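Spelled out from the first residue to the last, the chains are:
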Amino acid sequence: MATEKVLAIVLAGGEGKRLMPLTVDRAKPAVPFAGHYRLIDFSLSNIVNSGFLKVVVLTQYKSHSLDRHVTITWRMSTLLGNFVAPVPAQQRMGKHWYLGSADAIYQSMNIVNDEMPDYIVITGADNIYRMDFDQMLRHHIDSGLPCTVAGIRQPLSLANQFGVIEAENGKIVNFLEKPDNAQGLPDAPDQVLASMGNYIFSTKELKEALEKDAADPDSKHDMGGNIVPYFVSQGAAGVYDFINNEVPGSLERDRDYWRDVGTLDAYYEANMDLISINPVFNLYNSDWPVYTGLGGSLPPAKFVYGSSDRMGIAIDSIVSPSVIISGGKVQRSVLSPGVYVHSWADVSGSVLMHNARIGRGAVVHRAILDKNCVVEPGAQIGVDLDHDRERGLTVTESGIVVAPKGMVIKP
Ligand code: ADQ
């Protein structure tokens, strides 16, 4: 456990356009994931499990459900001065919302000044992984550099979604934010070293950099686009290779699991990763738990013979509390609390969020249904993609159909 004073800042104000329609009226970090979690639970669990218990979550865009989730679920005893506090954009530095992720931190400088941490850990809120930030902090301190960026190898083909790191002996010599023409690594030409969007800074140097950035009219005030490149230009940024991070209880196969779930297809695939027979991301690692705010108030999941003598079953699936599968069949799917699957319904390869209702004889195939969706008896979704498109549903590149909150799918 760290003895240094550390403040963790979770950037949770991004708009999440590429996750539409799941982000129509909620911030991306509040999107449900893996049944009863929300995306932000993964970053916050990592931070808290790392022993860092002073955490602020910077929110702005459609933040109501995110604020509620953080406030209720992550409420912590303040006895020891610990907190996980959502901080909405406050217009402290002028009449504008956060101009970018760096501006979000700059505008929250009052919290840094109050806490006076030695180090600031900054993470995004929309990645699925396990990581011990204390190991990264040790590396940061040993390096003697004021800025450390966590890096992981990713396919070259995805380079334009990431900050791409070029390092020599642990020092970053070049950092390109979402480049179109990245070069592969010398020892792996089809891979790049990507920034995970996780940073550790020494406080004084970060404050100075943010002040300079705020005064720069040409800056986009973005952590990856401006602040990290600034430290790199000063020869003051190091890389922390995620491959060296070892979390208690992790297995060989899930050790280097990290997913950016910025697109609907990536979000879907990360859900499917959880239900493979040997999950590459192991939710059941109790040495490094992922916390969420379910509470003990929900009734258990229930599987019943349906009204027409049909077994209610789920296989290769994650089934949350208070789900009822009554005479329907569920395969390779992730079900959030309150989902109800009726007799003769057939659900496969799908993600069903809270309280989705699947009517008698309905078919749901390779679909994501947001909260409170109703698939009426006999209706189908994900079977005829042209028809799904015609009725206004989103169909992703890989053919996943997405229904927004509360949609009623008719036969
Ligand atoms: P992106 O994820 O594309 O790339 P961004 O959209 O800035 O970058 O989101 C990063 C985090 O900051 C997210 O959690 C988001 O919610 C939050 N955020 C964005 N704008 C914000 C604002 N104005 N106020 C508060 N929070 C905000 C980043 C890095 C890349 C890196 C990838 C890894 O810029 O270098 O490779 O993350 O996923």
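Residues numbered from 1 in each chain as written. Predicted model: local features only at pLDDT ≥ 70, side-chain atom pairs only at ≥ 80, totals over all residues. Heavy atoms only, no water.

1. Here we look at the packing of helix 6 (residues 203-214) against helix 7 (residues 223-233)
- Where helix 6 meets helix 7, the closest approach of the two axes is 10 Å, and the angle between their N-to-C directions is 120°. As far as their axial angle goes, helix 7 and helix 6 are oblique. The handedness of the crossing between helix 6 and helix 7 is right-handed. Here Glu 205, Leu 206, Ala 209, Leu 210, Lys 212 and Asp 213 of helix 6 come into contact with helix 7, specifically with Asn 226, Ile 227, Tyr 230 and Phe 231.
- Among the residues making up the contact of helix 6 with helix 7, the classes are represented as six nonpolar, one polar and three charged. (Axes fitted to C-alpha atoms, helices over the stretch in contact; angles between N-to-C directions. Helix = DSSP H or I, 4+ residues; strand = E, 2+ residues; numbered from the N terminus. Parallel < 35°, antiparallel > 145°, perpendicular 65-115°, else oblique. Left-handed = near helix turned anticlockwise from the far one by under 90°. Contact = heavy atoms within 4.5 Å. Nonpolar A, V, L, I, M, F, W, Y, C, P; charged D, E, K, R; others polar.)

2. Topic: the sheet that holds strand 26 (residues 374-375)
- Strand order across the open sheet formed by six strands is 14-17-20-23-26-30, with parallel pairing between neighbours. Among the strands making up the open sheet, the edge pair consists of strand 14 (302-304) and strand 30 (408-409).
- Bridging between strand 23 (residues 357-358) and strand 26 involves two bridges; their strand directions are parallel. What sits directly across from Arg 357, in strand 26, is Val 374. (Pairing = 2+ DSSP bridges.)

3. Some details on the pattern of salt bridges
- Overall, the coordinates contain 12 salt bridges when judged by the stated rule.
- A salt bridge links Asp 187 to Arg 153; the nearest nitrogen and oxygen atoms lie 3.1 Å apart. With Asp 187 in the loop between strand 10 (171-177) and strand 11 (191-202) and Arg 153 in strand 8 (residues 147-155), the pair connects residues that are 34 residues apart, well separated along the chain.
- Close ionic contact of Arg 259 with Asp 273 constitutes a salt bridge, the shortest N to O distance being 3.5 Å. Remark: Asp 273 occurs in helix 8 (residues 264-273) and Arg 259 occurs in strand 13 (residues 258-260); sequence separation between them is 14 residues.
- The class of Arg 259 is partly exposed, set by a relative accessible area of 33%.
- Overall, Asp 273 belongs to the buried group, its relative accessible area being 15%.
- A single network of salt bridges, built from pairs that share partners, joins Glu 4, Asp 134 and Arg 138. (Salt bridge = Lys/Arg side-chain N within 4 Å of Asp/Glu carboxyl O. Buried < 20%, exposed > 50% of the residue type's maximum accessible area, 1.4 Å probe, protein only.)

4. So, the domain arrangement of the chain
- By domain assignment, the chain separates into domain 1 (6-273) and domain 2 (302-409).
- Computed over C-alpha atoms, the centres of domain 1 and domain 2 are 33 Å apart.
- Counting residues at the interface gives 16 residues for domain 1, matched by 24 residues for domain 2.
- With both sides pooled, the region where domain 1 packs onto domain 2 buries about 1,600 Å², and carbon together with sulfur makes up 64% of that total.
- Per-residue buried area on domain 1 facing domain 2 is highest for Pro 21, Asp 265 and Tyr 268; these three make up 32% of the total on that side.
- There are two salt bridges connecting domain 1 and domain 2.
- For the salt bridge of Asp 25 with Lys 405, the shortest nitrogen-to-oxygen distance reads 3.2 Å. (Domains from an automatic or database assignment. Buried area = accessible area lost by both parts, 1.4 Å probe.)

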